[in-house]
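Coordinates in review
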Amino acid sequence: MTTNYRLELDHVHCDKLQDTIGPDELQVIVDGTVIFGGNAGGRIGKGDVVYLTGRTALFASTVQVQLVEVDAGSNNEDLGSIAVDGPTDLGQGLQHREFTRNHAGYRLAYEVVAA
Ligand SMILES: [Ca+2]
Ligand SMILES: [Ca+2]
C-alpha cells in the first residue's frame, strides 16, 4: 500500500459521557486497530482532555476513525466514525471532529501531514 499521509492524533475531549455513571472507557480505533484505550478502554471523565500525541497511522488516501465506549459484560457503544480525507486535510493544521452517537459528546483533534 502506498502511504501518502500520516494521521497524527492530538487529543480527545469529553463534553458528555456515554455512561450514566462515569467515567467512560474510551477506545480510539483507526481502520479497525485500537490505537488508544486497549481492550478495556481508557478512563475519561466529563470535561477531561486525553492527549494522544505520538499515536499515528499511515494511510493512502482516506482513513476511518471510530470512537467506542467499552462496557464490561455488555455490548460496547459505537460513538460514531469519521472518514479522514488526506487531500482535504493535508497541511490544514489541527482539525476538530465531533462524535455524538449513543448520547455521548466527544471532540477529536488531529492533523494530517505528508508521510
Ligand atoms: Ca456504556
Ligand atoms: Ca463504560
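Everything that follows concerns the structure shown earlier in this document.
So, here's what we can say about the structure. These numbers come from a predicted model, not from an experiment. (Residues numbered from 1 in each chain as written. Chains lettered and ligands numbered in written order. Predicted model: local features only at pLDDT ≥ 70, side-chain atom pairs only at ≥ 80, totals over all residues.)

So, on to the overall build of the protein chain. The helix and strand tally for the protein chain stands at one helix and ten strands. Going from the N terminus to the C terminus, the protein chain shows its helices and strands as β-β-β-β-β-β-β-β-α-β-β. Compactness check: the protein chain gives a C-alpha radius of gyration of 14 Å against a globular reference of 13 Å for 115 residues, within 12% of the reference. By its C-alpha atoms, the protein chain is 40 × 25 × 20 Å across when sized along the principal axes. Evaluated residue by residue, the protein chain yields a buried proportion of 28% over its 115 residues. Considering only residue pairs separated by 6 or more positions, the protein chain has 58% of its internal contacts joining residues 24 or more positions apart. (Helix = DSSP H or I, 4+ residues; strand = E, 2+ residues; numbered from the N terminus. Rg over C-alpha atoms; globule rule 2.2 N^0.38 Å. Buried ≥ 20, exposed ≤ 12 C-beta atoms within 10 Å, placed from the backbone. Contact = placed C-beta atoms within 7 Å.)

Within soluble globular proteins, side chains that are nonpolar tend to cluster in buried spots. Counting residues in each nonpolar core, the largest one holds 24 residues, and the members touching the most others are Leu-7, Val-28, Leu-67 and Tyr-106. Elements with a minimum of two residues in this core: strand E1 (5-16), strand E2 (24-30), strand E7 (62-69), strand E8 (77-85) and strand E10 (105-114). Of all the elements, E1 adds the most residues to this core, at five residues. Other than its neighbours up to four places away in sequence, Leu-7 contacts Val-30, Thr-56, Ala-57, Phe-59, Val-63, Val-84, Tyr-110 and Val-112. (Core = buried A, V, L, I, M, F, W, Y, C linked by C-beta atoms within 7 Å.)

Take the pairing of strand E3 (residues 33-36) next. Across three bridges, E2 lies against E3 in antiparallel orientation. When the sheet's bridge partners are listed, Ile-29 is paired in E3 with Val-34. Counted along the chain from E2 to the antiparallel partner E3, the turn is two residues long, and its residue Asp-31 has a positive phi close to 45°. (Pairing = 2+ DSSP bridges.)

Backbone torsion omega between Gly-22 and Pro-23 reads 0°, so that peptide bond is classified as cis. Positioned with a positive phi, Asn-102 is a non-glycine residue whose angle comes to about 55°. Of note, Asn-102 is situated in the loop between strand E9 (95-99) and E10. Located in the positive-phi region is His-103, a residue other than glycine, with phi close to 70°. If you trace the backbone, His-103 turns up in the loop between E9 and E10.

What follows covers the environment of Gln-18. The topology assignment puts Gln-18 in the loop between E1 and E2. C-alpha separation for the pair Gln-18 and Ala-104, spaced 86 residues apart in sequence, amounts to 4.4 Å. Here Gln-18 is in contact with Asp-24, Glu-69, Glu-77, Leu-79, Asn-102, His-103 and Ala-104, once residues within four sequence places are set aside.

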